[in-house]
Amino acid sequence: MAEYSINKGIGRNAEFKGLKSQYLFIFAGGLLGVFVLFVVMYMIGIDQMVCIIFGVISASVLVWGTFHLNEKYGEYGLLKLQALRNHPRFIINRKQIPSLFIRNIKRKAA
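Residues numbered from 1 in each chain as written. Predicted model: local features only at pLDDT ≥ 70, side-chain atom pairs only at ≥ 80, totals over all residues. Heavy atoms only, no water.

Novice: Help me understand the packing of helix α1 (residues 22-44) against helix α3 (residues 77-86) in this model?
Specialist: Geometrically, a packed helix pair is captured by the angle between its two axes and the distance between the axes. Here α1 crosses α3 at 95 degrees, and the two axes come no closer than 9 Å. With respect to α3, the axis of α1 lies roughly perpendicular. Between α1, through Q22, Y23 and I26, and α3, the contact on the second element is made entirely by G77, L78 and L79. In terms of residue class, the contact of α1 with α3 is built from four nonpolar, two polar and no charged. (Axes fitted to C-alpha atoms, helices over the stretch in contact; angles between N-to-C directions. Helix = DSSP H or I, 4+ residues; strand = E, 2+ residues; numbered from the N terminus. Parallel < 35°, antiparallel > 145°, perpendicular 65-115°, else oblique. Contact = heavy atoms within 4.5 Å. Nonpolar A, V, L, I, M, F, W, Y, C, P; charged D, E, K, R; others polar.)

Encoded structure:
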């Protein structure tokens, strides 16, 4: 039985065959989802070859997509993209301009 090293050191993120941290979870969860869909399709009564072809193609796309995302965005890239999407494009200030200056003058005087 082959042995694979998962972690390369203390304090470093998990890495497996080049996949880093969050991509491992995407990869494992995706393969589990493909397997569950394959089993459900087979139990429903869909032809066996259709199930196998679906499983092979979807697993291949998942593997390619996960490694592509890992290569393109790096270890924290997906988190950075998510943060960028949640960042406001501009800040709206609905206060009147004179009230902004009056408040600043009171602070300086105190």
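There's plenty left to go through after this.
Novice: I keep staring at the packing of aromatic side chains and nothing clicks. Help me out?
Specialist: Any two aromatic rings considered together are summarised by their centre-to-centre distance and by the angle between their planes. Scanning all chains against the criterion turns up one aromatic pair. A centroid spacing of 6.3 Å and a plane angle of 75 degrees characterise the contact between F27 and F67, whose relative ring orientation is edge-to-face. With F27 in helix α1 and F67 in helix α2 (residues 48-73), the pair connects residues that are 40 residues apart, well separated along the chain. (Phe/Tyr/Trp six-rings, centres within 6.5 Å; stacked < 30°, edge-to-face > 60°.)

Novice: For this particular structure, what's the right way to read α2?
Specialist: Each α-helix turn comprises 3.6 residues. Residues three or four places apart therefore point the same way. Between its first and last C-alpha atoms α2 spans 37 Å; for 26 residues at 1.5 Å apiece the expected length is 38 Å, and the two agree. All of the buried residues in α2 are C51, G55, S58, A59, L62, T66 and N70. Its buried side turned inward, α2 meets β2 (19-20) and α1. (Expected span 1.5 Å × (residues − 1). Buried < 20%, exposed > 50% of the residue type's maximum accessible area, 1.4 Å probe, protein only.)

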